[in-house]
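Examination of the molecular architecture
Chain by chain, the residues run as shown.
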Amino acid sequence: MNNSTLNTQHSTLQQALATELAELETRGLRRTRRVLESPQSAQVTVDGREFTAFCSNDYLGLASHPGLVAAVQEGAARYGVGAGASHLILGHSVAHHALETALAGFVELPRALLFSTGYMANIGVVSALLGRSDAVFADKLNHASLNDAALLSRAAFRRYPHLDLHALEKLLAASRARRKLVVTDAVFSMDGDIAPVPELLFLCERYDAWLMLDDAHGFGVLGREGRGVLSHFSIRSPRVIYMATLGKAAGVSGAFVAGAAEVIETLVQRARSYIYTTATPPLLAHALLKSLELMACEQWRRDQLENNIIVLKQGITKNRWNLMPSDTAIQPLVIGANADAVALSERLAQRGLLVPAIRPPTVPRGSARLRISMSAAHSAEDVGRLVAALNELQ
Ligand SMILES: *Cc1c(COP(=O)(O)O)cnc(C)c1O
């Protein structure tokens, strides 16, 4: 093959991608990134302009907390910057170790294990615990990382309609799998509703299945002192495999899995997204110890968040668009068509308010929405301005 043939082939590949990208554009599905110039908070700077943002998962307003910035600096002074190795070689620092102990205590489970991200935690857990002879039972609205995890594990992958316990029971009853795992978002990331954990646990007991809870949006927010969904429902069971992320309410980065000691030790031995990756900088673990302390002690953050949710829900009841029935920080306003959701998001931006339009495949077709996320960092006036703008634009 000469050079010109190679060039032609190359440009054909590029043309194919360009055509696919153009198609995304026509379907209103092309995504763009805004460039954030300030720290993550309620007031942000984008393109030199100031906005009030309802876009982050920083539910407690900790992402730019001065105490955490100081803890990161202290952690850097003590541990340096890079972990330099994976956990099983020599990357597991005393800061990681202390954080794992603190997290297990906080969620009241025997042992916890840190992962670099929630995505990696989900991938690691499902593929370490299950294989070809096993089965995963998943809510249809679960986070994409849980679906990817199930596919990677090679277990049979059975999805049930959102919150449909009856359908789940039928699937469990019919299964001949060696090992069964029910997986669910604890707080659904695009709808904000809370999974019926006690009922799910009851089914898992009846059909001898594990229950994996992804509490990315509940940890720090739900339960006593923000201990998460297990505390919210007062649940304790050796069948539960609990996962939560540390880049949302905890304001930093990373994730952890907690559960029975045998489960956690199996992850240490088998979870590939734990083993074959560099440990996160120990300075982050050091800062997370401080973050846990703030989460537990500063109840006013959860109170402020709850108050903001009430102001929003009471304010836009007379709107032609429907807020979904959510009591959590995730308050989706369902619009329907992709272009309409994007247009509304843009008109809010013209008024200095950033609210993201969420489109398929992140949400089902025809249910494009504004995902309003509330934070303790918002003042009641911030929420009031969003309510006024939405009522005016409807
Ligand atoms: C954000 C999120 C994750 C992924 O966590 P990261 O730490 O951001 O990788 C997993 N599950 C759910 C439900 C999430 O919302």
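Before reading on, note that the structure itself is shown above.
Because the structure is predicted, anything quoted here is derived from the model rather than measured. (Residues numbered from 1 in each chain as written. Predicted model: local features only at pLDDT ≥ 70, side-chain atom pairs only at ≥ 80, totals over all residues. Heavy atoms only, no water.)

**Here we look at the pairing of strand E2 (residues 49-53)**
Going by this rule: Strands were regarded as paired on the criterion that DSSP finds at least two bridges between them. Helix and strand definitions follow DSSP, with helices as H or I runs of at least four residues and strands as E runs of at least two, each counted in order from the N terminus.
As paired strands, strand E1 (residues 43-46) and E2 are joined by 4 bridges and run antiparallel to one another. Residue pairing across strands places Thr-45 opposite Glu-50, the latter belonging to E2. The hairpin turn running from E1 into E2, its antiparallel successor, is 2 residues long, and Asp-47 in that turn takes a positive phi close to 55 degrees. As paired elements, E2 and strand E12 (residues 353-354) share 2 bridges and run parallel to each other. Paired with Ala-53 across the strands is Leu-354, a residue of E12.

**Focus: helix H14 (residues 338-350)**
Just so we agree on the cut-off: An expected span of 1.5 Å times one less than the residue number is assigned to each helix. Residue exposure (1.4 Å probe, protein chains only): buried if accessible area is under 20% of the type maximum, exposed if over 50%, otherwise partly exposed. In this description, one arc is meant: the one made by directions from the helix axis to the C-beta atoms. Contact between two residues is taken to exist if any of their heavy atoms lie within 4.5 Å; hydrogens are not considered.
The first and last C-alpha atoms of H14 sit 19 Å apart over 13 residues, in line with the 18 Å expected at 1.5 Å per residue. All buried positions along H14 are accounted for by Asn-338, Ala-341, Leu-344, Ser-345, Leu-348 and Ala-349. The buried residues of H14 occupy one face: seen down the axis, they fall within an arc of 145 degrees. Opposite its buried face, H14 presents the exposed residues Ala-339 and Gln-350, each directed more than 90 degrees away. Looking at the buried positions of H14, the neighbouring elements they touch are E2, strand E11 (330-336), E12, strand E13 (357-358), strand E14 (368-373) and helix H15 (380-393). Gly-352 sits one or two positions beyond H14 and adopts a positive phi of about 85 degrees.

**Points about the site of the ligand**
In plain terms, the rule: Any residue with a heavy atom positioned within 4 Å of a molecule or strand is treated as near that molecule or strand. What qualifies as a polar contact is a pair of N or O atoms within 3.5 Å, subject to a donor-acceptor requirement within protein and to the restriction that residues adjacent in sequence count only when both atoms come from side chains. Here the open area of atoms and residues is found with the Shrake-Rupley method and a 1.4 Å probe, where only the protein chains shown may cover a residue.
Lining the immediate environment of the ligand, one finds 14 residues, of which Gly-118, Tyr-119, Asp-214, His-217 and Lys-248 sit closest. With respect to the ligand, the side chain of Asp-214 contributes an N or O atom lying 2.6 Å from a nitrogen atom. Summarising the interface, the protein chains cover 81% of the accessible area of the ligand, which totals 380 Å² for the free molecule.

**Looking at empty space enclosed by the protein**
Heads up, the condition is: Whether a set of points on the 1 Å grid over the protein atoms alone is a cavity depends on a 1.4 Å probe fitting there but being unable to get out, while an open set qualifies as a pocket with protein on both sides within 12 Å along at least five of seven lines; lining residues are those with an atom within 4 Å of a point. Grid points are joined across faces, edges and corners, and a volume is the space filled by probe spheres set on the points. Charged means Asp, Glu, Lys or Arg here, nonpolar means Ala, Val, Leu, Ile, Met, Phe, Trp, Tyr, Cys or Pro, and polar covers whatever is left, Gly included.
For the structure shown, the criterion picks out 3 cavities of 30 Å³ or more. His-87, Leu-114, Phe-115, Ser-116 and Thr-280 are, among the 19 residues lining the largest cavity, the residues nearest its centre. Contributing elements (two or more residues each) for the lining of the largest cavity: helix H4 (94-107), strand E3 (111-115), helix H11 (272-275) and helix H12 (282-297). In terms of residue class, the lining of the largest cavity is built from 10 nonpolar, 9 polar and no charged.

**Observations regarding unusual backbone geometry**
Residues apart from glycine generally show negative phi values, whereas peptide bonds are mostly found in trans. In this chain, Pro-360 is followed by Pro-361 through a cis amide linkage whose omega measures 5 degrees. Looking at the element boundaries, Pro-361 is found in the loop between E13 and E14. Backbone geometry places Asp-47, a non-glycine residue, at a positive phi of 55 degrees. Its relative accessible area of 63% is what places Asp-47 among the exposed residues.

**Brief notes about the environment of Val-252**
Structurally, Val-252 can be placed in the loop between strand E8 (240-245) and strand E9 (255-259). Sequence-wise, Val-252 and Ala-63 are 189 residues apart; in three dimensions their C-alpha atoms are separated by 6.2 Å. Ignoring sequence-local partners within four residues, the contact set of Val-252 consists of Leu-68, Leu-246, Gly-247, Leu-284, Leu-288 and Ser-291.

**What about helix H7 (residues 165-174)?**
Inspection of H7 places Ala-167, Leu-168 and Leu-172 among the buried residues, and these make up the whole buried set. Buried residues of H7 fall within an arc of 135 degrees about the axis and therefore sit on the same side. Structural note: H7 exposes His-166, Lys-170 and Ala-174 on the side pointing more than 90 degrees away from its buried face. Each element contacted by the buried residues of H7 is listed here: strand E4 (135-139), strand E5 (156-160), strand E6 (180-185) and helix H8 (197-206).

**Quick look at the pattern of salt bridges**
Note the following rule: Salt-bridge detection follows one rule: a side-chain nitrogen of Lys or Arg within 4 Å of a carboxyl oxygen of Asp or Glu.
Applying the stated criterion across every chain, the model contains 18 salt bridges. Between Glu-25 and Arg-30 there is a salt bridge whose closest N-O contact spans 3.8 Å. Judged by relative accessible area, which is 49%, Glu-25 ranks as partly exposed. For Arg-30, a relative accessible area of 39% translates into the label partly exposed. The partner of Arg-111 in a salt bridge is Glu-265, and the shortest N-O contact between them spans 2.7 Å.

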